[in-house]
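The lines below spell out each chain.
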Amino acid sequence: MIRFILLQNRQGKTRLAKYYVPLEESEKHKVEYEVHRLVVNGDAKFTNFVEFRTHKVIYRRYAGLFFSVCVDITDNELAYLESIHLFVEILDHFFSNVCELDLVFNFHKVYLILDEFILAGELQETSKRAIIERMSELEKLE
């Protein structure tokens, strides 16, 4: 199960945070700081998986953003690494070459895409085409 998803820039500014387990606000800030320290200091030549408390964080860097997913220790790392890539592909398609500013100024759309993709901490839809079609339908309603 996914515990939380974080999108952070290199400076540690959180651009998107979605928690699937209840945490106090102070604990959320602490988690964001700790995860950022872990992923920024990770060597690019080595693995994108790190242990974090009693869970593990799977992360991937795209340009200046780190996409981090915290999951149970028994979950499949490669499946989540692939899901991060799929999420980035969907964002890239939806925003036509996504950048950090797209996430900042269209955060509500990013959360909508994430909600189409992940539900209650579990992968809901893995079809890029299905998610993009659903987002197109929602865009027509606006």
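Worth saying up front: this structure is predicted, and the values here are computed from it rather than measured.

Student: Help me out: how do you make sense of helix 4 (residues 107-117) in this one?
Tutor: Owing to its 3.6 residues per turn, the α-helix aligns residues three or four sequence positions apart on the same side. Among the residues of helix 4, those classed as buried are Lys109, Val110, Ile113, Leu114, Glu116 and Phe117. Buried residues along helix 4 cover an arc of 160° about the axis, so they all sit on one side.

Student: Whenever I open this one, empty space enclosed by the protein confuses me. Can you help?
Tutor: Here the idea is plain: a probe the size of a water molecule rolls over the atoms and shows the empty space left. Tallying each qualifying case throughout the model produces one cavity of 30 Å³ or more. In terms of lining, the largest cavity is formed by Ile2, Ile5, Phe67, Ser68, Val69, Tyr80, Ser83, Ile84, Phe87, Leu114, Phe117 and Ile118. When residues of the lining of the largest cavity are traced back to their parent elements, those giving at least two are strand 1 (2-9), strand 5 (65-72), helix 2 (77-95) and helix 4. Looking at which element gives the most residues to the lining of the largest cavity, the answer is helix 2, with four residues. A breakdown of the residues in the lining of the largest cavity according to their chemical character gives 10 nonpolar, two polar and no charged.

Student: Quick question: what am I supposed to make of the environment of threonine 54 here?
Tutor: As for its position among the elements, threonine 54 is in the loop between strand 3 (49-52) and strand 4 (55-62). Residue classification places threonine 54 among the exposed residues on the basis of a relative accessible area of 60%. Separated by 23 residues in the primary sequence, threonine 54 and valine 31 have C-alpha atoms spaced 13 Å apart. Only 3.5 Å separates the side chain of threonine 54 from the side chain of histidine 55, close enough to count as a polar contact.

Student: Please explain the nonpolar core as it appears in this structure.
Tutor: By size, the foremost hydrophobic cluster in this structure holds 30 residues, and its most contacted members are Ile2, Ile5, Phe67, Phe87 and Leu91. Of all the secondary structure elements, the ones that give two or more residues to this core are strand 1, strand 4, strand 5, helix 2, helix 4 and helix 5 (128-141). Here the element with the most residues in this core is helix 2; it accounts for nine residues. When residues no more than four places from it in sequence are discounted, the contact partners of leucine 91 are Phe67, Ser96, Val98, Leu103, Val110 and Ile113.

Student: I'm lost on the sheet that holds strand 4 in this one. Help?
Tutor: Strand pairing in a sheet relies on backbone hydrogen bonds, with the paired strands running either antiparallel or parallel. As summarised here, the arrangement of the five strands in space is 2-1-5-4-3, forming an open sheet in which the pairing is antiparallel. Two strands lie at the open edges of the sheet, namely strand 2 (14-19) and strand 3, each paired on one side alone. Taken over all neighbouring pairs, the strand axes of this sheet differ in orientation by 20° on average, direction set aside. When strand 1 meets strand 5, the two strands line up antiparallel, connected through seven bridges. Residue pairing across strands places isoleucine 2 opposite valine 71, the latter belonging to strand 5. Each of strand 1, strand 3, strand 4 and strand 5 touches helix 2; the most contacted strand, strand 4, lies at about 35° to it.

Student: Where do I start with the packing of aromatic side chains in this structure?
Tutor: Any aromatic ring pair is given by two values, namely how distant the centres are and how the planes are angled relative to each other. Using the criterion set out here, one finds six aromatic pairs in the structure. Ring geometry for tyrosine 62 versus phenylalanine 67: centroids 5.6 Å apart, planes at 90°, classification edge-to-face. For the pair tyrosine 62 and phenylalanine 67, one class covers both residues: buried. A centroid spacing of 5.1 Å and a plane angle of 85° characterise the contact between phenylalanine 94 and phenylalanine 95, whose relative ring orientation is edge-to-face. Joined through ring pairs, the aromatic side chains of Tyr62, Phe67, Phe87 and Phe117 make up one cluster.

Definitions and cut-offs
Residues numbered from 1 in each chain as written. Predicted model: local features only at pLDDT ≥ 70, side-chain atom pairs only at ≥ 80, totals over all residues. Heavy atoms only, no water. Buried < 20%, exposed > 50% of the residue type's maximum accessible area, 1.4 Å probe, protein only. Helix = DSSP H or I, 4+ residues; strand = E, 2+ residues; numbered from the N terminus. Arc of directions from axis to C-beta. 1 Å grid on protein atoms, 1.4 Å probe; cavity = no way out; pocket = protein on both sides within 12 Å on 5 of 7 lines; lining within 4 Å. Points joined across faces, edges and corners; volume = space filled by probe spheres on them. Nonpolar A, V, L, I, M, F, W, Y, C, P; charged D, E, K, R; others polar. Polar contact = N/O pair within 3.5 Å; in protein donor to acceptor, adjacent residues only side chain to side chain. Core = buried A, V, L, I, M, F, W, Y, C linked by side-chain atoms within 4.5 Å. Contact = heavy atoms within 4.5 Å. Pairing = 2+ DSSP bridges. Axes fitted to C-alpha atoms, helices over the stretch in contact; angles between N-to-C directions. Phe/Tyr/Trp six-rings, centres within 6.5 Å; stacked < 30°, edge-to-face > 60°.

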